[in-house]
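Architecture at a glance
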Amino acid sequence: VNGQATRTDPIDLQGWFGAGVNFDLPKKWQAGVEYQARIENNIKSLKGSYYSFSLEKEIVKHFTIIGQYRLSEVQAEQFSRFGIGFSIDKKLGDIKSDVRVLYQNKQLDVVNPIDQEPADNYLRLRFRGKKELTKNVDLIASAEPIYRVINGIRIDNYRFQGGLRINFSKAASMDIFYINRPDYFKSYKRQYHIFGTALNYEFKIKKR
């Protein structure tokens, strides 16, 4: 796993470091903000910063609609990504599982509209499970095929993720995870190995 993900050396070891806050709002609304820094080239150079915002609402039990926006500052470029979809959750024995369907639009933000690159559209299908290992530690694993929508639907890459969630309290937790992401959309194959950590803090806004 030594080398930049290029045509000649299609393997890279990356580090993702982030912090996020989730808001559990009245009437089954939830909002979230997150910052994430990604370091590439064998965890030697900063790839970019990512600012994410989300809004969710449970329509009926086990069914939630999702809206997302992410601003990415990657080297000298800035990207906006919008997403809309839904998730369905179900408990299977002692495993909490959910399926998320998400449609995303990603575009490059530029000043001159003439230089605007065509937007990319993606369809993401994530299957995830969570199992309690101890009172304070959960095991989380997911598999997500990601399709690019352009003249039909074609597989872009896969995202396999596994990790631990350490619950310090009812409100505070930390995620430690590994992602394996093979990329097939290019004319050459790429393979990413990603290690990351994220801190989370949740609190409720009570009605008066």
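As a reminder, the structure under discussion sits directly above these lines.
Read on for a plain summary of the structure. (Residues numbered from 1 in each chain as written. Predicted model: local features only at pLDDT ≥ 70, side-chain atom pairs only at ≥ 80, totals over all residues. Heavy atoms only, no water.)

Considerations on the pairing of strand β9 (residues 153-167)
Selection rule: Think of it this way: DSSP has to see at least two bridges between two strands before they count as a pair. Comment: elements are numbered from the N terminus, with helices defined as DSSP H or I runs of at least four residues and strands as E runs of at least two.
Pairing geometry for strand β8 (residues 137-149) and β9, over 13 bridges, is antiparallel. Bridge pairing in β9 places I146 opposite N157. Where β8 folds back onto β9 in an antiparallel hairpin, the turn is made up of three residues, including N151, whose phi is positive at roughly 55°. The pairing of β9 with strand β10 (residues 172-183) spans nine bridges and is antiparallel. Note on β10: the bridge partner recorded for G162 is Y178. Connecting β9 to the next strand, β10, in antiparallel fashion are four residues.

Remarks on the packing of aromatic side chains
Inclusion rule: Aromatic contacts are taken between Phe, Tyr and Trp rings whose centres are within 6.5 Å, Trp giving its six-membered ring; a plane angle under 30 degrees counts as stacked, one over 60 as edge-to-face, and the others as tilted. When a residue's accessible area, from a 1.4 Å probe over protein chains only, is under 20% of the maximum for its type it is buried; when over 50% it is exposed; and in between it is partly exposed. Only when the NZ of Lys or the CZ of Arg is both within 6 Å of the ring centre and within 35 degrees of the ring normal is a charge said to sit over the ring.
Tallied over the entire structure, the rule returns six aromatic pairs. When the ring of Y35 is compared with that of Y51, the centres are 5.3 Å apart and the planes differ by 50°; the resulting orientation is tilted. Taken together, the residues span a long stretch of sequence, with Y35 in strand β2 (residues 29-40) and Y51 in strand β3 (residues 45-60) at a distance of 16 residues. Judged by relative accessible area, which is 34%, Y35 ranks as partly exposed. By relative accessible area, which is 30% here, Y51 ends up partly exposed. With centroids separated by 6.0 Å and ring planes inclined at 10°, the aromatic side chains of Y158 and F160 adopt a geometry described as stacked. Assessed through its relative accessible area of 37%, F160 is described here as partly exposed. Put simply, the rings of F53, Y69 and F82 pair up and form one aromatic cluster. The side chain of R38 reaches across the aromatic face of W16, ending 3.7 Å from its centre. The ring of F79 has K106 lying over it, and the distance from NZ or CZ to the ring centre is 4.8 Å.

Observations regarding the sheet that holds β3
In a beta sheet, neighbouring strands are held together by backbone hydrogen bonds and run either parallel or antiparallel to one another. To keep it simple, the criterion reads: Orientation is described by lines fitted to C-alpha atoms, with helices fitted over the stretch in contact, and by angles between N-to-C directions that extend from 0 to 180 degrees.
Pairing within the closed barrel is mixed, and its 11 strands lie in the order β1-β2-β3-β4-β5-β6-β7-β8-β9-β10-β11. Across this sheet, the average inter-strand angle for adjacent strands is 20°, counted without regard to direction. Sheet topology note: the β2/β3 ladder contains 12 bridges and is antiparallel. Bridge pairing in β3 places E40 opposite S45.

Quick word on the pattern of salt bridges
Worth spelling out the cut-off: Salt bridge, as used here, is a side-chain nitrogen of Lys or Arg placed within 4 Å of a carboxyl oxygen of Asp or Glu.
According to the stated counting rule, one finds eight salt bridges in the structure shown. With its nearest N and O atoms 3.5 Å apart, the salt bridge here joins K28 to E58. Of this pair, K28 sits in the loop between β1 (11-24) and β2 while E58 sits in strand β3, and the two are 30 residues apart along the sequence. What makes E58 partly exposed here is its relative accessible area of 24%. Across the pair R148 and D156 runs a salt bridge whose closest N-O atoms are separated by 3.3 Å. For R148, a relative accessible area of 13% gives the class buried.

What about the nonpolar core?
Where we set the bar: The definition of a nonpolar core used throughout is a set of buried Ala, Val, Leu, Ile, Met, Phe, Trp, Tyr and Cys residues joined through side-chain atoms within 4.5 Å. We call two residues in contact when some of their heavy atoms are within 4.5 Å.
In terms of nonpolar packing, the biggest core is built from five residues, these being W16, F177, I179, Y192 and I194. Apart from residues lying up to four places away in sequence, W16 is in contact with Q36, A37, R38, R159, F177, I179, I194, F195, G196 and T197.

With respect to the environment of K106
Here K106 is to be found in strand β6 (residues 95-108). For K106, a relative accessible area of 28% gives the class partly exposed. Sequence spacing of K106 and R70 is 36 residues, and the spatial spacing of their C-alpha atoms is 9.1 Å.

A word on a nonpolar patch on the surface
The condition that has to hold: Like charges within 9 Å and nonpolar side chains (Val, Leu, Ile, Met, Phe, Trp, Tyr) within 5 Å are joined into patches, using only residues over 30% in relative accessible area that form no salt bridge. The method behind every accessible area is Shrake-Rupley, applied with a 1.4 Å probe, and residues are considered shielded solely by the protein chains displayed.
Together, I59, V60, I65, F86 and I88 line one region of the surface with nonpolar side chains, adding up to about 400 Å² of accessible area. Broken down by secondary-structure element, the contributors of at least two residues to the nonpolar patch are β3 and β5 (77-92). Within the element layout of this structure, I88 appears in strand β5. Overall, I88 belongs to the partly exposed group, its relative accessible area being 43%.

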